[in-house]
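What follows is the residue order along each chain.
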Amino acid sequence: MARTADPRSSVNTKLHEKWLISGNHRNANETQSLDVEQDVSQRSQTHSYQDVKEHKGFVWALKLILYLILFGALAGKFLTDSYLWEYEGKWIRLRTYFPPPQLLFTESELAKYDGTDLDRPIYLAIDGDVYDVTKGKAYQPGGPYHLFAGIDAARAFGTGCFKTHRTHDLRGLSDAEIKGINHWKKFYENHKNYFKVGKVLHPPIDPSSPMVEGCDTKDKGKSGAKKDTVERRALVQDSNMHQEL
């Protein structure tokens, strides 16, 4: 007598096949996950090695720079008796990197800083820019350049007429005289003892007003250009001398 197929056996067979398939998928997923973890681990190790290598390179470069600076300073001290090779410019001043708040002056306010009030610093202005020159004894009352204190005498710095051209009116100046004014502005900006503190506001100059006359012969002399050069050199030498005082 023929035996009939047991339905439960068929069902069990299908379940067994599904179990095998799911097991294979699980193994495949586990294998894939393991491969991914290994890949991530290898990449992490590679990046860590590169980071350490870059860090060591940066530290080495920084040490080299510090050694060069130290060697240069010691060489300067040995050769010039100055760690900075006698450099006294603005780049060694804290004010260069942390400038004081800039002030705004009227002409009358600027005039109060001419050195006659011992409780105030001494300021002078050139073409609107105001500089503190308190440490220069030549600008104090009785000094040879006190006539510049408390005023914008830009024209005098350009023409060399220190007595009659004490004004900010630059009309009619030559290119060479304008360059002379810019030269003196840089002189005060780069000076180790002088520094910019602000600006002065001048009333507008009436274009129809008379222009400043040329230098008086008593003021500048017949050899005006030569006398101007002598006065400029004297001003620089005087300022340099008072840097040491």
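Per chain, the residues get numbers from 1 upward, laid out in the order the sequence is written. Restriction of local features to residues with pLDDT of at least 70 applies here, the model being predicted, together with a cutoff of 80 or more for giving and counting side-chain atom pairs; totals for whole chains, interfaces and linings are based on all residues. Each side-chain value is worked out from all heavy atoms of the structure, with water and hydrogens disregarded.

A. Here's a closer look at the overall build of the chain. In DSSP terms, a helix is any run of H or I states spanning at least four residues, a strand is any run of E spanning at least two, and both are numbered starting from the N terminus. From N to C terminus, the chain includes seven helices and four strands. Residue exposure (1.4 Å probe, protein chains only): buried if accessible area is under 20% of the type maximum, exposed if over 50%, otherwise partly exposed. Of all 245 residues assigned to the chain, the portion counted as buried reaches 28%. Accessible areas in this description were obtained via Shrake-Rupley with a 1.4 Å probe; residue shielding takes into account the shown protein chains only. Surface accessibility of the chain: about 17300 Å² in total, with carbon and sulfur atoms responsible for 59%.

B. How the structure looks around a nonpolar patch on the surface. Only residues whose relative accessible area exceeds 30% and that form no salt bridge enter a patch; like-charged residues are grouped when within 9 Å of one another, and nonpolar side chains (Val, Leu, Ile, Met, Phe, Trp, Tyr) when within 5 Å. In the sections that follow, a salt bridge refers to a side-chain nitrogen of Lys or Arg positioned within 4 Å of a carboxyl oxygen of Asp or Glu. Taken together, the side chains of Leu-70, Leu-74, Tyr-83, Leu-84, Tyr-87, Trp-91, Ile-92, Leu-94, Tyr-97 and Phe-98 make up a nonpolar region of the molecular surface, amounting to roughly 1100 Å² of accessible area. Contributions of two or more residues to the nonpolar patch are made by α1 (7-80) and α2 (94-97). Its place among the elements puts Tyr-83 in the loop between α1 and α2.

C. Just the pattern of salt bridges, in detail. Taken as a whole, this structure holds six salt bridges when the rule is applied. Residue Asp-129 pairs with Lys-185 through a salt bridge whose shortest N-O separation is 2.9 Å. With Asp-129 in strand β3 (residues 129-132) and Lys-185 in helix α5 (residues 175-190), this pair connects stretches of sequence that are 56 residues apart. Asp-129 sits in the buried class, given a relative accessible area of 6%. The class for Lys-185 is buried, based on a relative accessible area of 14%. The salt bridge partner of Lys-196 is Asp-129, with a shortest N-O separation of 3.2 Å. Here the residue Lys-196 occupies a position in strand β4 (residues 195-201), and Asp-129 occupies one in strand β3, the gap between them amounting to 67 residues. On the basis of relative accessible area, Lys-196 is assigned to the partly exposed category, the value being 28%. One connected set of salt bridges, linked through shared partners, spans Asp-127, Asp-129, Lys-185, Lys-196 and Lys-199.

D. Main features of the packing of aromatic side chains. In this analysis, rings of Phe, Tyr and Trp, with Trp reduced to its six-membered ring, are considered paired at centre separations within 6.5 Å, and the interplanar angle assigns stacked below 30 degrees, edge-to-face beyond 60, and tilted for intermediate values. In total, this model carries 15 aromatic pairs according to the counting rule given. Their ring planes at 80 degrees and their centres at 5.3 Å tell us that Phe-148 and Phe-162 sit as a pair that is edge-to-face. Within this pair, whereas Phe-148 is found in the loop between β3 and α4 (154-159), its partner Phe-162 is found in the loop between α4 and α5, the two being separated by 14 residues in sequence. Assessed through its relative accessible area of 9%, Phe-162 is described here as buried. An angle of 35 degrees between the planes, with centres 5.8 Å apart, marks the rings of Tyr-188 and Tyr-194 as tilted. Of the two residues, Tyr-188 and Tyr-194, neither departs from the other in class, the shared state being buried. Put simply, the rings of Tyr-131, Tyr-139, Tyr-145, Phe-148, Phe-157, Phe-162, Trp-184, Phe-187, Tyr-188 and Tyr-194 touch in pairs and so form one group of aromatic residues. Our definition puts a charge over a ring when NZ of Lys or CZ of Arg is within 6 Å of the ring centre and also within 35 degrees of the ring normal. Geometry around Tyr-113 places Arg-120 over its ring, the cationic atom sitting 5.1 Å from the centre.

E. Region of the structure containing α5. Helix length check: α5, at 16 residues, gives a terminal C-alpha distance of 22 Å against a target of 22 Å (1.5 Å per residue), a fit within 8%. Buried residues of α5: Gly-180, Ile-181, Trp-184, Lys-185, Phe-187 and Tyr-188, and no others. The buried residues of α5 occupy an angular sector of 155 degrees when projected down its axis, which confines them to one face. α5 presents Asp-175, Ala-176, Lys-179 and Lys-186 as exposed residues on the side facing more than 90 degrees away from its buried surface. Multiplying one less than the number of residues by 1.5 Å gives the expected span of a helix. To obtain the arc, one takes the directions from the helix axis to the C-beta atoms.

F. Highlighting the pairing of β3. Burial along β3 is two-sided: Asp-129 and Tyr-131 facing one way and Val-130 and Asp-132 facing the other are all buried. Two strands are counted as paired when DSSP detects at least two bridges linking them. Here strand β2 (residues 123-126) runs beside β3; their pairing, made up of four bridges, is antiparallel. Within β3, the residue paired with Ala-125 across the bridge is Val-130. Where β2 hands over to β3, the hairpin turn is made up of two residues, of which Asp-127 adopts a positive phi near 50 degrees. As judged from the four bridges shared by β3 and β4, these two strands associate in the antiparallel manner. Within β4, the residue paired with Asp-132 across the bridge is Phe-195.

G. A look at the confidence of the model for the chain. For the chain, the average pLDDT comes to 78, and 65% of its residues sit at 70 or higher. Per-element confidence in the chain is highest for β2, whose mean pLDDT is 98, and lowest for helix α7 (residues 224-243), whose mean pLDDT is 46. With pLDDT under 50 throughout, residues 221-231 is counted as low confidence; its partners more than four residues away or in other chains account for 11 contacts. Across residues 238-245, where pLDDT falls below 50, the model places 17 contacts with residues more than four positions away in sequence or in other chains. Confidence of the predictor in every single residue is expressed as pLDDT, which spans 0 to 100. In what follows, residue pairs with any heavy atoms lying within 4.5 Å of each other are defined as contacts.

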